[in-house]
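Single-letter residue listing:
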Amino acid sequence: MSLAVAAAAPASGPLVFGVPLKYVSLLVLTVQNSMLVLVMRYSRVASNVQFYASTAVLMSELAKFAVCLAIVARASASEHGRLSLRRIYADVLGGDCWKMLIPAGLYTIQNNLQYTAVSLLDAATFQVTYQLKILTTALCAVAMLGTQLSRARWVALVVLTAGVVLVQLPPTAANDNGPPDASFSLQFLGLLAVVIACVLSGLAGVYFEKVLKGSRKSLWTRNVQLSLFSTAPALLGVLAVDGQQIRHTGFFYGYSWWTCGAIACQALGGIVVALVVKYADNILKGFATSISIILSCLASIWLFDFHITPTFISGTALVIYATYMYSRQESALPKTPTFSTPIASRLLPFIWSLSSEFGSPASSRAIESPMHRLF
């Protein structure tokens, strides 16, 4: 995506080749959400030679780090008239950069679980089921930040859960008394991987949004920190999970153009989400997510010979409706976070009290809803 973003009137926001950036970012997000699942799935089934998912996660973080660092360097040079590596170093690694260690580790595990899940589930089922991250992030926000959700949003979460359950139902009821089918066991493992990934996404999303909205550092600086600190756990995962095999076959064993495409889509996703968080609103994000679900399902029919059942159609419709209904509701998060639960009252105040010793003063801007990073 072009980085030539021109300044525009406050009413329309930044423009990219004459088009408002929020619409460009949402279009790219829709395509990226659809392509990521399809390309990841195809990269795992296109060949009998499987690449190591841990290496793909590491390469994705390195690619995202390089792109975000280039954006930070360009912005710094434009602001100060020249490029200063010392200034960039101080901005990225100074102050409260340590706060990004927690979401970096959580997102790295989540990305590895995505490859596991997409290897076990078909692309359409994975795409629909992964919308459970809306539920997990909402519950994390309520439990950790004291977020107040409207009745309509709670109804949307119930509808979302019901839709995911319908999607997971087998096409026909089992009419034999034999042992469980092997495909059912694989589907269960894939579902478990998705659920854990959604929980980690919720935890990391709430924490990341609080850091992002409570700091003077730019959005891109935070993404440089996030991708930089993600390389350490990603490298640890490479050594711990696939280190023995990599010593014999090599780091890029099993790589293809589809593997490179999956890495690019995953790296692009983090960058596009950053743009959407900054420029787009919840209704547009929910619409983009719904469109990507439909595109993934339609493409799965052609690419993977996916057979759509009535229960899958019903569940997908419920998920799409719940996503849109949830996103169109205004969040009722207080101006300042309220630590109303035992977990929040002990954990978050302790974490944030450390910033007075190691970090820079927090910005006086109001903290916005962590649900903005959902889509």
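Residues numbered from 1 in each chain as written. Predicted model: local features only at pLDDT ≥ 70, side-chain atom pairs only at ≥ 80, totals over all residues. Heavy atoms only, no water.

Asker: Sorry if this is basic, but what is going on with a nonpolar patch on the surface here?
Answerer: A contiguous nonpolar surface patch, about 450 Å² in accessible area, is contributed by Leu186, Phe188, Leu189, Leu192 and Ile196. Inspection of the secondary structure puts isoleucine 196 in helix H8 (residues 182–213). When its relative accessible area of 37% is taken as the criterion, isoleucine 196 is described as partly exposed. (Patch = residues over 30% accessible without salt bridge, like charges linked within 9 Å, V, L, I, M, F, W, Y side chains within 5 Å. Areas by Shrake-Rupley, 256 points an atom, 1.4 Å probe, with all protein chains shown as cover. Salt bridge = Lys/Arg side-chain N within 4 Å of Asp/Glu carboxyl O. Helix = DSSP H or I, 4+ residues; strand = E, 2+ residues; numbered from the N terminus. Buried < 20%, exposed > 50% of the residue type's maximum accessible area, 1.4 Å probe, protein only.)

Asker: Explain the nonpolar core to me, please; I cannot follow it from the model alone.
Answerer: It is characteristic of soluble globular proteins that their nonpolar side chains tend to be buried jointly. Core analysis: the biggest nonpolar cluster contains 67 residues, and Tyr115, Phe126, Val128, Leu157, Val194, Phe312 and Tyr326 have the highest contact counts within it. In terms of residues, this core owes the most to one element, H8, which gives 10 residues. Setting aside residues no more than four positions away along its own chain, valine 128 makes contact with Val164, Val167, Ile293, Cys297, Phe312, Thr316 and Val319. (Core = buried A, V, L, I, M, F, W, Y, C linked by side-chain atoms within 4.5 Å. Contact = heavy atoms within 4.5 Å.)

Asker: Where do I start with the side chain of threonine 309 in this structure?
Answerer: Within the fold, threonine 309 resides in the loop between helix H11 (282–303) and helix H12 (310–328). Within polar-contact distance, the side chain of threonine 309 engages the side chain of threonine 311 at 3.1 Å. (Polar contact = N/O pair within 3.5 Å; in protein donor to acceptor, adjacent residues only side chain to side chain.)

Asker: In this structure, what is going on with the packing of aromatic side chains? I would like to understand it.
Answerer: The geometry of an aromatic ring pair is captured by two quantities: the separation of the ring centres and the angle between the planes. Under the criterion given, the structure shown has nine aromatic pairs. For the ring pair phenylalanine 306 and phenylalanine 312, a centre distance of 5.0 Å and an interplane angle of 65 degrees mean the geometry is edge-to-face. Given the relative accessible area of 4%, phenylalanine 312 is considered buried. Each member of the aromatic cluster is reached from another via a ring pair, and the members are Phe51, Tyr115, Phe251, Phe252 and Tyr255. (Phe/Tyr/Trp six-rings, centres within 6.5 Å; stacked < 30°, edge-to-face > 60°.)

Asker: Mind showing me how you'd approach the environment of leucine 149 here?
Answerer: Inspection of the secondary structure puts leucine 149 in the loop between helix H6 (132–145) and helix H7 (151–168). Of the residues examined, leucine 149 reaches a relative accessible area of 13% and is grouped as buried.

Asker: Even after reading the chapter, I still don't get H6, so can you show me in this structure?
Answerer: Since the α-helix turns once every 3.6 residues, residues separated by three or four places project in the same direction. Given a rise of 1.5 Å per residue, 14 residues ought to cover 20 Å, and the 19 Å separating the end C-alpha atoms of H6 matches this to within 8%. Across the 14 residues of H6, 11 count as buried, placing the element largely inside the fold. Along H6, the positions that sit buried rather than exposed are Leu132, Lys133, Ile134, Leu135, Thr136, Thr137, Ala138, Cys140, Ala141, Met144 and Leu145. Downstream of H6 by a residue or two, glycine 146 has a phi angle that is positive, lying close to 70 degrees. (Expected span 1.5 Å × (residues − 1).)

Asker: Would you take a moment to explain the packing of helix H1 (residues 21–45) against helix H4 (residues 101–120) for this structure?
Answerer: In a packed pair of helices, the relevant descriptors are the angle between the two axes and the axis-to-axis distance. Orientation of H1 relative to H4, taken along the N-to-C sense of each, is 70 degrees, at an axis distance of 9 Å. The pairing of H1 with H4 is recorded here as roughly perpendicular in orientation. Crossing of H1 against H4: the hand is right-handed. Mapping the contact onto sequence places Val37, Met40, Arg41 and Arg44 in H1 and Gln114, Tyr115, Val118, Ser119 and Leu120 in H4. In terms of residue class, the contact of H1 with H4 is built from five nonpolar, two polar and two charged. (Axes fitted to C-alpha atoms, helices over the stretch in contact; angles between N-to-C directions. Parallel < 35°, antiparallel > 145°, perpendicular 65-115°, else oblique. Left-handed = near helix turned anticlockwise from the far one by under 90°. Nonpolar A, V, L, I, M, F, W, Y, C, P; charged D, E, K, R; others polar.)

Asker: I'm lost on the pattern of salt bridges in this one. Help?
Answerer: When their charged atoms lie close together, side chains carrying opposite charge are able to pair. Within the structure shown, the criterion is met by four salt bridges. Between lysine 217 and aspartate 91 there is a salt bridge whose closest N-O contact spans 3.4 Å. Of the two residues, lysine 217 is situated in the loop between H8 and helix H9 (219–249) and aspartate 91 in helix H3 (residues 85–93); the sequence distance between them amounts to 126 residues. The exposure class assigned to lysine 217 is buried, which follows from its relative accessible area of 15%. With relative accessibility at 29%, the residue aspartate 91 sits in the partly exposed group. Across the pair aspartate 96 and lysine 99 runs a salt bridge whose closest N-O atoms are separated by 3.6 Å. The exposure class of lysine 99 is buried, given its relative accessible area of 4%. Taken together, the salt bridges that share partners define one network made up of Asp96, Lys99 and Arg222.

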